[in-house]
Amino acid sequence: MSTASSSNSSAGAEEAPRKPGSSNEESSHLLEAAENGAKYGSRQAVKIIKANDNGSTTPHDQENLLGNMVHASTENKSRKLPQYVAALAAAGGAFAAGTVLGWTSPAQTEIVVDGEGYDFPVSDTEFSWVGSSMNLGAAFVCIPIGFLISMIGRKLTMLMLVLPFLVGWAMLIWAPSVGFLYASRFILGLAGGAFCVTAPMYTGEIAQKDIRGTLGSFFQLMITMGILFVYAVGAGVNVFWLSVICGIIPIVFGVIFFFMPESPTYLVAKGRSESAVKSIQWLRGKEYDYAPELEELHETDREIRENKVNVLAALNRPVTRKALAISLGLMFFQQLCGINAVIFYSSKIFLDANTGIGSQWATIMIGIMQVVATFVSTLVVDKLGRRILLLASGSVMAISTTAIGVYFFLQDQDSTKVENLGWLPVASLCIFILMFSIGYGPVPWLMMGELFATDIKGFAGSLAGTTNWLLAFVVTKTFDDLNKGLGNGGTFWLFAGLTVLGVFFVFFAVPETKGKSLNEIQQELAGNSTTTATTQAVNGAEK
């Protein structure tokens with residue numbers, strides 16, 4: 001019999017008579033409630049579990065702790081709609097970033113092939129730098145934006161990013177030379193890359209843990225919608241008007257996001273408790289009891305201040321090193337799974353398959369598949385979990401790129417061998433896009449906002465973002481060289497092999513963060529799993 005059960009039994013003289021075994025049942029119910037926890041009262045649940053394990057609680061203590069926790073979990077009325085609104089508003093910046101990413105596809109034909117759009121010629125090599133300079137801008141801004149986020153806040157940072165968006169699009173619209181195209185795309189990359197760090201962090205801090213995965217997936221969903229928007233609009237207008245329309249989108253984002261609240265986590269860190277309360281009530285509703293959540297935010301902030309260290313010391317913490325290794329690993333395998341290669345060859349694959357679908361419509365179809373699959377991911381990420389989506393995504397993508405590699409290898413050997421195999425690369429392409437958009441597309445960005453402690457989140461998240469954009473640049477610029485050295489088939493097989501390594505990485509190294517508070521995730525990374533403690537406590541209560 002556990003200590004808690006013994007305490008209950010010894011208290012029997014002071015309380016009303018109980019049926020045999022009722023103390024065990026009470027402990028079990030208590031620990032079950034502790035395991036469920038409050039949405040923002042996980043520390044109280046941990047107190048109950050630890051106290052029960054140590055035998056240091058009396059029935060009165062347990063009832064007080066449980067009463068506080070139940071008040072925060074079962075009686076607390078929290079609205080979720082405002083959180084969806086705020087997350088979608090923040091993801092509007094991701095939509096703007098998606099238009100920057102997708103612009104090169106419809107623009108390339110008019111600018112390079114047709115020689116229109118500008119008063120100066122642009123070669124294939126020059127246009128490749130126009131496209132990839134966006135990646136360089138995004139990589140350059142990620143680390144500085146991490147410091148800016150901590151200084152002025154998440155909301156103000158994102159509102160300020162409207163300006164570089166407007167400057168970049170204006171320079172692109174009225175560019176007098178190729179150099180202006182490079183500069184404009186670099187500036188647009190600064191704005192887009194900054195959003196890739198700021199928006200996931202903001203969403204992770206405003207969302208309740210049971211919907212954090214869904215809201216975090218909005219970021220990738222809006223990027224894919226931005227790309228699809230450019231593909232669709234680009235099919236009907238010229239480059240000038242396409243760029244003008246894209247330049248209006250950041251203004252719309254700024255107007256909408258202006259009315260959203262600042263992150264409560266940031267406000268507490270700056271000592272602005274009254275503003276934090278207003279933010280929480282905006283996000284959860286006026287009837288929501290903000291006290292437990294606010295207390296947890298204050299307690300977390302106190303722990304950070306008491307153990308405050310510089311950036312290098314914070315990076316040297318074992319839990320930070322582990323989180324950074326996981327985040328960088330996910331970014332590495334996201335870029336080296338072959339997504340850029342598959343997108344690059346999509347038009348050729350549709351053409352070789354004799355589908356009768358033109359290059360413009362092929363890209364639009366790919367955009368639609370990305371949006372649909374990413375939307376599905378937002379629906380299931382909090383039900384199935386992050387790990388299962390990554391494992392399923394990586395496994396199927398490896399098979400798909402292997403099949404595409406086989407097709408191109410046979411085509412390089414003898415094109416007549418693949419005359420009746422046009423369906424193979426098309427099917428593989430569609431499956432690859434769908435599975436990437438469900439797992440490896442949104443989940444690495446989502447987990448970037450979940451894995452790091454508050455005091456290092458800005459800088460560590462920036463490192464992960466920088467790594468992602470630099471890898472995107474390297475893959476884009478070296479893709480032609482890989483094709484020449486390994487052949488088309490060999491290049492896709494290389495991506496398939498790296499994706500298989502990514503599956504093993506996820507299986508052995510990536511933790512499940514579904515349904516866990518940010519504090520619980522830190523405890524698990526540190527090796528102190530509250531779930532394990534709960535299970536042990538419940539088992540003890542049943543003995």
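Residues numbered from 1 in each chain as written. Predicted model: local features only at pLDDT ≥ 70, side-chain atom pairs only at ≥ 80, totals over all residues. Heavy atoms only, no water.

**Student:** Before we go on, may I ask you to explain the overall build of the chain in this structure?
**Tutor:** Of the regular secondary structure elements, the chain holds 26 helices and zero strands. Buried residues in the chain amount to 55% of all 543 residues. Here the analysis covers contacts within the chain between residues at least 6 apart in sequence; of these, 81% occur between residues at least 24 apart. Surface summary for the chain: the accessible area is close to 22900 Å², and the carbon and sulfur share equals 63%. (Helix = DSSP H or I, 4+ residues; strand = E, 2+ residues; numbered from the N terminus. Buried < 20%, exposed > 50% of the residue type's maximum accessible area, 1.4 Å probe, protein only. Contact = heavy atoms within 4.5 Å. Areas by Shrake-Rupley, 256 points an atom, 1.4 Å probe, with all protein chains shown as cover.)

**Student:** What am I meant to see in the packing of helix α20 (residues 359-384) against helix α22 (residues 423-438) here?
**Tutor:** A pair of packed helices can be characterised by two numbers: the angle between their axes and the separation between those axes. Between α20 and α22, the least distance of the axes is 7 Å, while the angle of their chain directions is 40 degrees. Relative to α22, the crossing made by α20 is right-handed. Taken together, the residues of α22 that come into contact with α20 (itself represented by Ile366, Met369, Gln370, Ala373, Thr374 and Ser377) are Leu429, Cys430, Ile433, Leu434, Ser437 and Ile438. (Axes fitted to C-alpha atoms, helices over the stretch in contact; angles between N-to-C directions. Left-handed = near helix turned anticlockwise from the far one by under 90°.)

**Student:** What should I look at first to understand a nonpolar patch on the surface in this one?
**Tutor:** Taken together, the side chains of Leu166, Ile251, Val255, Phe258 and Phe259 make up a nonpolar region of the molecular surface, amounting to roughly 490 Å² of accessible area. Within the secondary structure, Phe259 sits in the loop between α12 (239-257) and α13 (264-269). (Patch = residues over 30% accessible without salt bridge, like charges linked within 9 Å, V, L, I, M, F, W, Y side chains within 5 Å. Salt bridge = Lys/Arg side-chain N within 4 Å of Asp/Glu carboxyl O.)

**Student:** Even after reading the chapter, I still don't get the packing of aromatic side chains, so can you show me in this structure?
**Tutor:** The geometry of two aromatic rings is summed up by the distance between their centres and the angle between their planes. Going through the model one piece at a time under the given rule, you end up with 22 aromatic pairs. Ring centres of Phe333 and Phe505 lie 5.6 Å apart, and the angle between their planes is 40 degrees; this geometry places the pair in the tilted category. You can see Phe333 sitting in helix α17 (residues 318-335) and its partner Phe505 sitting in helix α24 (residues 454-509), a full 172 residues away along the chain. With relative accessibility at 11%, the residue Phe333 sits in the buried group. Within the aromatic cluster, the residues linked to one another by ring pairs are Phe165, Phe195, Tyr202, Phe253 and Phe257. We note Lys155 situated over the ring of Phe258; from NZ or CZ to the ring centre the distance is 5.6 Å. Note that Arg387 overlies the ring of Phe507, its terminal NZ or CZ placed 5.8 Å from the centroid. (Phe/Tyr/Trp six-rings, centres within 6.5 Å; stacked < 30°, edge-to-face > 60°. Lys NZ or Arg CZ within 6 Å of the ring centre and 35° of its normal.)

**Student:** Any chance you could explain the environment of Val311 here in plain terms?
**Tutor:** With respect to the helices and strands, Val311 occurs in helix α16 (residues 311-315). The class for Val311 is partly exposed, based on a relative accessible area of 31%. Along the primary structure Val311 and Phe459 are separated by 148 residues, whereas in three dimensions their C-alpha atoms are 7.9 Å apart. Those residues within four positions of Val311 in sequence are excluded, and the remaining contacts are Phe147, Ile456 and Phe459.

**Student:** Even after reading the chapter, I still don't get the nonpolar core, so can you show me in this structure?
**Tutor:** In summary, soluble globular proteins display a tendency toward joint burial of nonpolar side chains. One finds Trp103, Ile111 and Tyr118 to be the most contacted residues of the largest nonpolar core, which totals 129 residues. When residues of this core are assigned to their parent elements, the largest contribution, twelve residues, is made by helix α10 (residues 178-206). Here Trp103 is in contact with Ile111, Tyr118, Phe127, Val130, Trp169, Leu172, Arg185, Val230, Val239, Leu242 and Ser243, once residues within four sequence places are set aside. In terms of nonpolar packing, the next biggest core, distinct from the first, is built from nine residues, Val268, Val277, Ile280 and Leu294 among them. (Core = buried A, V, L, I, M, F, W, Y, C linked by side-chain atoms within 4.5 Å.)

**Student:** How should the pattern of salt bridges be read in this particular structure?
**Tutor:** Pairs can form between side chains of opposite charge once their charged atoms are near each other. Summed over all chains, the structure comprises eight salt bridges. Arg212 is the partner of Glu450 in a salt bridge, and the nearest nitrogen-oxygen pair spans 3.0 Å. Residue Glu450 is found in the loop between α23 (443-448) and α24, and its partner Arg212 is found in helix α11 (residues 212-234); the two are separated by 238 residues along the sequence. What makes Glu450 buried here is its relative accessible area of 1%. Put simply, Arg212, Asp382, Arg386 and Glu450 are held in one network by salt bridges that share partners.

**Student:** What am I meant to see in the side chain of Thr198 here?
**Tutor:** Following the sequence through the fold, Thr198 ends up in helix α10. Under the relative-accessibility criterion, Thr198 is labelled buried at 0%. Here Thr198 is in contact with Ile145, Ile149, Arg154, Thr157 and Met158, once residues within four sequence places are set aside.

**Student:** Mind showing me how you'd approach the confidence of the model for the chain here?
**Tutor:** Residues shown with low pLDDT carry predicted positions that ought not to be read at fine detail. For the chain, per-residue confidence averages 80 on the pLDDT scale, and 82% of positions sit at 70 or higher. For the chain, helix α1 (residues 3-10) is the element with the lowest average pLDDT, namely 36, and helix α9 (residues 162-173) is the one with the highest, namely 96. Ignoring residues within four places in sequence, the model shows residues 59-75, a span with pLDDT below 50, making 29 contacts including any to other chains. Within the model, pLDDT remains below 50 along residues 530-543, and this stretch shows 25 contacts once partners closer than five positions in the same chain are excluded. (pLDDT = per-residue confidence, 0-100.)

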